[in-house]
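Close look at the chain arrangement
If you want the building blocks of each chain, they are given just below.
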Protein chains: 6
Amino acid sequence: MMALKSFALIIAIFAVVTSISHASDPSPLQDFCVAINDTMAHVLVNGKFRKNPEHVAADDFFSSGLNIPGNTSNQLGFAVTGLNVNNFPGLNTLGISFARFDYAPYGLDPPHTNPRGSEILVVVEGMLYVGFVTSTSGPNMRNRLFTKILHPGDVFVFPVGLIHFQLNVGKEAKAVAFTAFSSQNPGYNIVANTLFGSHPPINDDILAKAFQVDEKIVDYIRSQFEWDNN
Amino acid sequence: MMALKSFALIIAIFAVVTSISHASDPSPLQDFCVAINDTMAHVLVNGKFRKNPEHVAADDFFSSGLNIPGNTSNQLGFAVTGLNVNNFPGLNTLGISFARFDYAPYGLDPPHTNPRGSEILVVVEGMLYVGFVTSTSGPNMRNRLFTKILHPGDVFVFPVGLIHFQLNVGKEAKAVAFTAFSSQNPGYNIVANTLFGSHPPINDDILAKAFQVDEKIVDYIRSQFEWDNN
Amino acid sequence: MMALKSFALIIAIFAVVTSISHASDPSPLQDFCVAINDTMAHVLVNGKFRKNPEHVAADDFFSSGLNIPGNTSNQLGFAVTGLNVNNFPGLNTLGISFARFDYAPYGLDPPHTNPRGSEILVVVEGMLYVGFVTSTSGPNMRNRLFTKILHPGDVFVFPVGLIHFQLNVGKEAKAVAFTAFSSQNPGYNIVANTLFGSHPPINDDILAKAFQVDEKIVDYIRSQFEWDNN
Amino acid sequence: MMALKSFALIIAIFAVVTSISHASDPSPLQDFCVAINDTMAHVLVNGKFRKNPEHVAADDFFSSGLNIPGNTSNQLGFAVTGLNVNNFPGLNTLGISFARFDYAPYGLDPPHTNPRGSEILVVVEGMLYVGFVTSTSGPNMRNRLFTKILHPGDVFVFPVGLIHFQLNVGKEAKAVAFTAFSSQNPGYNIVANTLFGSHPPINDDILAKAFQVDEKIVDYIRSQFEWDNN
Amino acid sequence: MMALKSFALIIAIFAVVTSISHASDPSPLQDFCVAINDTMAHVLVNGKFRKNPEHVAADDFFSSGLNIPGNTSNQLGFAVTGLNVNNFPGLNTLGISFARFDYAPYGLDPPHTNPRGSEILVVVEGMLYVGFVTSTSGPNMRNRLFTKILHPGDVFVFPVGLIHFQLNVGKEAKAVAFTAFSSQNPGYNIVANTLFGSHPPINDDILAKAFQVDEKIVDYIRSQFEWDNN
Amino acid sequence: MMALKSFALIIAIFAVVTSISHASDPSPLQDFCVAINDTMAHVLVNGKFRKNPEHVAADDFFSSGLNIPGNTSNQLGFAVTGLNVNNFPGLNTLGISFARFDYAPYGLDPPHTNPRGSEILVVVEGMLYVGFVTSTSGPNMRNRLFTKILHPGDVFVFPVGLIHFQLNVGKEAKAVAFTAFSSQNPGYNIVANTLFGSHPPINDDILAKAFQVDEKIVDYIRSQFEWDNN
């Protein structure tokens, strides 16, 4: 119960700080295009509205807090502190975003995709086991898994849209990584949450058929994400 | 056993006919750029090499067979007949591809992503229950599921990179759909196969933690995809 | 007279249902960006304004009616039922659109361009003679015509911006095709209407010189499109 | 007869010097990417192969001859001297090209499209009547013609893919213009030549139906372009 | 003093007429998207808002004045008359802009970058010495300078983002050039002004260290640009 | 003398490890497109050739060494350890690159541009004074300087193509930062080196006029970069 709450908590953190993203954003059409909050109820644009350049100041291109560890007291033992166009308005039109990842011992950034951005990761502390899986079909492709053990100073890149993960393989040590994304808003889709924690839930028979199991197992897995269905 | 083989079969079909794909491909730099098979062992390019335009003929822009139902005798009751740049060279640089989807009664196009393309689908025959799930995080987003029942002539669009599915809800009737993708090679990543059928397999502890289940359940699910691990 | 009216009618249909389109639209910057009607008199954007994501529902990604034949009782014996961002708001930023083409016996989709999108077409019923013409100049190019006879299940692709056409070669049978475009708004420019039916008309001497004929012939052709000049 | 030959001549000039082009070419991935001639018989790429940067010299970014009037002794009284990636290798990946247009008195750049580029034109000498036509369909669009008389120093822009033309309205004076295109290879498709001078010819019945005339008129117009069919 | 004022004047001219620009702007999503002035105080977009297409007229695609020499009575002996989306609304979304350059004898377009556009230049009158410098690092690169003497009718291309210049090498003759840019708003950054004339000034120690000189020389150079600091 | 050599050394390091950069690279057309060394003397492409996907391994997506401080014993007191497509082949087509910056006390990353990429920087250790300057012209722009003092965990973003710098303001402490770029090859152009250390040198009169100083000062500054001219 406790665990579920803390898991919900990390998702809540995601909801506030992340929504990270991807690769070939539309190019800038002026020196900068600092975003502003959406102040009109009925109209929005692709991306963000632009702040009056007369009012732009250095703080619009500035953010802070990546020296502070995220709270990893949750089921995954993982926390994202993300900087993207939603909380860092100067990134608008610049095609890049950034994040700090904290891992408790055995902490996991679970299998997920960034639908709109490639990701490059550097390990700052600890030891990570990382991997991504290629597409199901296509010439020379049959869901190949590429993995690597990373130490501090090591760098790995995850191609846009592919399912990937990182696991802290330190038994007792925490781990820290910095990551950058080739979009101002790459997106973050945890596969398990997407399938078993959506609102409303995906029908049992679809998940049972997809995973080739009976619906009881689907119900059981879903119950792990139930807090997320309310 | 039989079922596993037939499931493997559909994947084999995928491997031959699909590798469908997505959204903002590089633009053409001439009227057309018909692809050729990669004839040099050591060098390839992003996308495909170009056929000598003097040798290009109408057949390079032509393909056939979408009138023939795919073989849905597999566990999913589903078959893709896909046309993309890998088997339809005239699509190179044009930013579009096409497919026919066949569904047995209760046949399922399982939850998957197209990492490089949005998808638009029109129902030709039967009745489909379709849906996609939004990102895990970001303002106003918490894995919302959007679903719809579709009848012949109905059209639905799945945004690039998001997990989506279609289920034939006809008890006894088959279903048929045509789909197009905003890429010459959108990719096709079935979530279950990617997680439980990769080569080599993803470690049990990662999947157990991701789905919040114990490793026995992970092993059980993986066994359903075992044929795919060899 | 009757014919002219019915031809005007098909154009009116175009004006409502089409404005189909093309290839490397700006990429999405969030999961989706459903369009809304332009509610402010004085300002618009490139593409469309975005609906508040809180108000987005499955119906925004849905359209219907492609099971209903278009009315081909016009001079061309042809009707387009098009779905693009102007009448299908969920397509906004997704780089794709769709259409149904109906052809009476000998019905013609006349020579035209889609200025912003490549087009892929699958024949559902009947037999089509299709073709496109390459550029006037450039290495290895001298207005080459590529043509093909298509039967049900056959697929053909027309590269972005090139003049192309389809003719139903069935003497008594109608024909039906589905097409997709690599843009949310590919555009549809019928060459004859553009040259002889514009508002206001193009000067006689320009058309006479362009087609190497005298102005009487220009006037005669223009009279065929006169309804369109009012 | 003479006229036809000279008209063929201007097209031949096109074939050598033009193949001008358009708007959102793929971006450069290094400081420059000077093109080289295609030296391998069987493989080409989208765009051009790249010269070894060690061998690149200032002359690769240089061209000359735009001070020399083109030969306008042809039926149209018009000549293009175009610089694009096919004859100016330094333009490769830079998304721009250039041309000089010469007009005899009443000379005409006939209705045409640039399928891959917008065009901006400045009048250097003489007086031009210029125009373009909008799409056939779409909200607020019904083949609207926009025209303007231009004098030296005046500038006009033609949006990508739309049919446009320029006519020298000077009775006895020649005219000269410089134009730039938003592509390294925008393409140049003269409508009349594409429809009536293609190889092989487009069927009479298609053109007759498209222009709402009988086939005799089609045959007559085609005869004006016959030299171009051989 | 006089000279400083006239130099300030040319910059003032820049501020009004230029802000020229670059290469892979977002593509159009309709036939055209004429810009309007930003009429709302608090919201802007990437690029420009769009004028109601019903109100668009030929004049939106038209500009004039490139027959009038710019005023070169300033320290550089140089003047830009630029047409970009800020003063030519029809260019919006079309990925191109244009300018006239006037040079007094020995007039200089000083070393600068266009951060968002490649530039192509044709000499109309006089003799120019032009050049650009490649990147500081990278394989095969060590700040190579490419230069060329240009005469009327000669054309040169400057790749996006690289530092370049033109000098009128005529002792007594003025020079004139036309240039086009692969963006609707390429930007114009004079290196000397950016470093020594910014508001507020860049710290002395940074410039002293960057140029490997003592701060007195920095102060002296800055004094030349002092008018620009107020 | 010693200093000059060590300055040359840092440039040599640049030449090997960097060539960092940029903004809207062409999108991938398959899951990944690992680069290979250019093995053919005469042909290259925009970007890189692609490794046979059968031979691709996890190490292609991996690099190391960002835990090792760069050697800052040079005139600038600054070192870049850069990872881009030239030394990290897995980055090809992914639109992102990465670097570690080391600063000695008062070490300076001198005013420079990245012509093809925006840059996001996080301070890991020490205290940096950072800034960038906007364009010389355009509405609301007159070379505005935006600056900020950064501490560990602080983040700053530099828009593509604009001149920017970082200075370690710690009197005795070194500083370390990680940076990411929105391109696989953003480019790195130090302004001082580009102007005063190019090969061959830029003419004295151009630099004297650009900086409004006499040629003796130009010669003096150039002498500081003389080692770089050989």
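Residues numbered from 1 in each chain as written. Chains lettered and ligands numbered in written order. Predicted model: local features only at pLDDT ≥ 70, side-chain atom pairs only at ≥ 80, totals over all residues. Heavy atoms only, no water.

1. So, the interface of chain C and chain D
Keep this limit in mind: The contact criterion used is simple: two residues touch if any of their non-hydrogen atoms lie within 4.5 Å. Computed with a 1.4 Å rolling probe, the buried area is the accessible surface lost when two parts are put together, summed over both parts. Think of a salt bridge as a Lys or Arg side-chain nitrogen and an Asp or Glu carboxyl oxygen that are within 4 Å of each other. N or O atoms closer than or at 3.5 Å make up a polar contact, with two conditions inside protein: a donor-capable atom paired with an acceptor-capable one, and, for residues adjacent in sequence, both atoms drawn from side chains. Strands here are runs of E lasting at least two residues and helices are runs of H or I lasting at least four, both read from the DSSP assignment and numbered beginning at the N terminus.
Each partner contributes residues to the interface: chain C has 66 residues there, and chain D has 66 residues. When the two sides are added together, the surface that chain C and chain D hide from each other amounts to roughly 5,500 Å², 63% of it contributed by carbon and sulfur. Linking chain C with chain D are zero salt bridges. Applying the counting rule to chain C against chain D returns 12 residue pairs in polar contact (both at pLDDT 80 or more). Of all the secondary-structure elements, those providing two or more residues to the side of chain C that touches chain D are helix H1 (2–17), strand E4 (108–113), strand E6 (128–133), strand E9 (164–168), strand E11 (189–190), helix H2 (191–196), helix H3 (204–211) and helix H4 (215–224) of chain C. Here the element with the most residues in the side of chain C that touches chain D is H2 of chain C; it accounts for six residues.

2. With respect to the pattern of salt bridges
The following threshold applies: Only protein chains enter the accessibility calculation, which uses a 1.4 Å probe. A residue is then buried if its area is under 20% of the maximum for its type, exposed if over 50%, and partly exposed in between.
Scanning all chains against the criterion turns up 35 salt bridges over all chains. Residue Lys 148 of chain E is joined to Asp 59 of chain D by a salt bridge in which the shortest nitrogen-to-oxygen separation is 2.3 Å. In this pair, Lys 148 of chain E sits in strand E7 (residues 145–150) while Asp 59 of chain D sits in the loop between helix H1 (2–17) and strand E1 (62–63), so the two residues belong to two different chains. When its relative accessible area of 48% is taken as the criterion, Asp 59 of chain D is described as partly exposed.

3. A few points about the pairing of strand E9 (residues 164–168) of chain D
All names here are of chain D. The condition is simple: Two strands qualify as a pair provided that DSSP identifies no fewer than 2 bridges between them.
With five of five residues buried, E9 is to be regarded as a mostly interior element. Neither face of E9 is exposed, since His 164, Gln 166 and Asn 168 on one face and Phe 165 and Leu 167 on the opposite face are all buried. Sheet topology places strand E4 (residues 108–113) next to E9; three bridges connect them, and they run antiparallel. Within E9, the position partnered with His 112 by the bridge is His 164. In terms of strand pairing, strand E6 (residues 128–133) meets E9 through five bridges, oriented antiparallel. Each residue of the ladder has a partner; that of Tyr 129, found in E9, is Leu 167.

4. Section: the packing of H3 of chain C against H4 of chain C
Residues and elements named next belong to chain C. Put simply, the rule is: Note on method: axes are straight lines fitted to C-alpha atoms, helices fitted across the in-contact stretch only, with angles between N-to-C directions ranging 0 to 180 degrees. Should an angle lie under 35 degrees it is considered roughly parallel, over 145 roughly antiparallel, and from 65 to 115 roughly perpendicular; all remaining angles are considered oblique. Just so you know the grouping, Ala, Val, Leu, Ile, Met, Phe, Trp, Tyr, Cys and Pro go in nonpolar, Asp, Glu, Lys and Arg go in charged, and all remaining residues, Gly too, go in polar.
Where H3 contacts H4, the axes come no closer than 9 Å and their chain directions differ by 105°. Taken together, the axes of H3 and H4 lie roughly perpendicular to each other. Mapping the contact onto sequence places Asp 204, Asp 205, Leu 207 and Ala 208 in H3 and Glu 215, Val 218, Asp 219 and Arg 222 in H4. Of the residues contributing to the contact of H3 with H4, the split by class is three nonpolar, no polar and five charged.

5. Observations regarding the interface of chain A and chain C
Counting from both sides, the interface comprises 15 residues of chain A and, opposite them, 17 residues of chain C. In this assembly, chain A packs against chain C so that about 1,300 Å² is buried in total across both faces, 57% of it on carbon and sulfur atoms. Counting every contact that joins chain A to chain C gives one salt bridge. For Asp 31 of chain C, the salt bridge goes to Arg 116 of chain A, with nearest N and O atoms at 2.8 Å. Partitioned by chemical class, the residues of the side of chain A that touches chain C number seven nonpolar, six polar and two charged.

6. Regarding the relation of the copies chain C and chain D
The condition is simple: Least-squares superposition of the copies uses the C-alpha atoms of those residues scoring a pLDDT of at least 70 in each of them.
Screw-axis analysis of chain C against chain D gives a translation of 0.0 Å along the axis, an RMSD of 0.0 Å, and a rotation angle of 180°. This pairing of chains is accounted for by a two-fold axis. A share of 100% of interface residues in chain C that are also interface residues in chain D marks the association as one of identical surfaces.

7. Here's the deal with the relation of the copies chain A and chain C
With an RMSD of 0.0 Å, the fit of chain A onto chain C corresponds to turning through 120° and sliding 0.0 Å along the axis. One copy is carried onto the other by what is essentially a three-fold rotation axis. Minimal C-alpha separation from the rotation axis in chain A is found for Pro 26 of chain A, amounting to 3.2 Å. Looking at chain A, a mere 20% of its interface residues are interface residues in chain C too, so the copies touch through different faces.

8. Concerning the nonpolar core
Heads up, the condition is: We call a set of buried residues a nonpolar core when its members are Ala, Val, Leu, Ile, Met, Phe, Trp, Tyr or Cys and they connect through side-chain atoms within 4.5 Å of each other.
Core analysis: the largest hydrophobic core is formed by 370 residues, its most contacted members being Phe 211 of chain A, Phe 211 of chain B, Phe 211 of chain C, Phe 211 of chain D, Phe 211 of chain E together with Phe 211 of chain F. Sequence-distant contacts of Phe 211 of chain D, that is, excluding residues within four places in its chain, are made with Ala 192, Phe 196, Phe 211, Ile 221, Gln 224 and Phe 225 of chain C together with Leu 195 and Phe 196 of chain D.

9. Considerations on the environment of Pro 201 of chain F
Of note, Pro 201 of chain F is situated in the loop between helix H2 (191–196) and helix H3 (204–211). Once the C-alpha coordinates of Pro 201 of chain F and Lys 51 of chain F are considered, the two residues, 150 residues apart in sequence, prove to be 39 Å apart.

10. Concerning the packing of aromatic side chains
Spelled out, the test is: Each aromatic pair joins two rings of Phe, Tyr and Trp (for Trp, the six-membered one) with centres within 6.5 Å, and gets the label stacked for planes under 30 degrees apart, edge-to-face for over 60, and tilted for any other angle.
Scanning the model with the defined rule gives 102 aromatic pairs over all chains in all. Ring centres 6.4 Å apart and planes at 25° place the aromatic pair Phe 196 of chain A and Phe 225 of chain A in the stacked group. Here Phe 196 of chain A, found in helix H2 (residues 191–196), pairs with Phe 225 of chain A, found in the segment after helix H4 (215–224); they are 29 residues apart in sequence, far enough to count as distant. Residues Phe 196 of chain A and Phe 225 of chain A agree in their burial class; the two are buried. Arranged with centres 5.7 Å apart and planes meeting at 35°, the rings of Phe 196 of chain B and Phe 211 of chain B form a pair that is tilted. Taken together, the residues Phe 196 of chain B in helix H2 (residues 191–196) and Phe 211 of chain B in helix H3 (residues 204–211) connect sequence positions 15 residues apart. Look at Phe 196 of chain B and you get buried, because its relative accessible area is 1%.

11. Re the pairing of strand E3 (residues 97–103) of chain C
Residues and elements named next belong to chain C. With respect to burial, E3 is a largely interior element, seven of its seven residues being buried. As defined by bridge partners, strand E2 (residues 78–83) adjoins E3 across six bridges and the pair is classed as antiparallel. Bridged to Leu 83 within E3 is Phe 98. Where E3 lies against strand E10 (residues 175–181), seven bridges are found, and the strand directions are antiparallel. Within E10, the residue paired with Asp 102 across the bridge is Val 176.

12. Details of the domain arrangement of chain A
Which entries qualify depends on this criterion: Domain start and end points were adopted from an automatic or database domain assignment.
By the assigned domains, chain A splits into domain 1 (58–187) and domain 2 (195–224). Here the C-alpha centroids of domain 1 of chain A and domain 2 of chain A sit 27 Å apart.

13. Here's the deal with the sheet that holds strand E3 (residues 97–103) of chain B
Ordered in space as E2(B)-E3(B)-E10(B)-E5(B)-E8(B)-E1(C), the six strands form an open sheet in which the pairing is antiparallel. Edge positions in the open sheet fall to strand E2 (78–83) of chain B together with strand E1 (62–63) of chain C, since each of these has one partner strand only. Sheet analysis places strand E5 (residues 119–125) of chain B next to strand E10 (residues 175–181) of chain B, joined by six bridges and oriented antiparallel. Bridged to Glu 125 of chain B within E10 of chain B is Val 176 of chain B.

14. Looking at the sheet that holds strand E4 (residues 108–113) of chain E
One open sheet holds the five strands; their spatial order is E7-E6-E9-E4-E11 (chain E), and the pairing between them is antiparallel. Each having just a single partner strand, E7 and strand E11 (189–190) of chain E make up the two edges of the open sheet. The sheet contact formed by strand E6 (residues 128–133) of chain E and E7 of chain E spans six bridges and is antiparallel. Note on E7 of chain E: the bridge partner recorded for Gly 131 of chain E is Thr 147 of chain E. Strand contacts of H3 of chain F: E4, E6 and strand E9 (164–168) of chain E, with the helix running at about 80° to E4 of chain E, the strand carrying the most contacts.

15. Thoughts on the UniProt feature "binding site: oxalate" (unreviewed entry) in chain A
Residue and element names in this part refer to chain A. Quick note on the threshold: UniProt positions are given in the numbering used here, feature names are shortened, and annotations may be inferred rather than shown by experiment.
In the numbering used here, UniProt assigns the "binding site: oxalate" (unreviewed entry) feature to Glu 119. With respect to the element layout, Glu 119 can be found in strand E5 (residues 119–125). A residue is classified by how much of its surface remains accessible, and Glu 119, at 1% relative accessible area, is buried. Ignoring any residue separated from it by four or fewer positions in sequence, one finds Glu 119 in contact with Phe 101, His 112, Asn 114, Phe 156, Val 157, Phe 158, His 164, Gln 166, Thr 179, Ala 180 and Phe 181.

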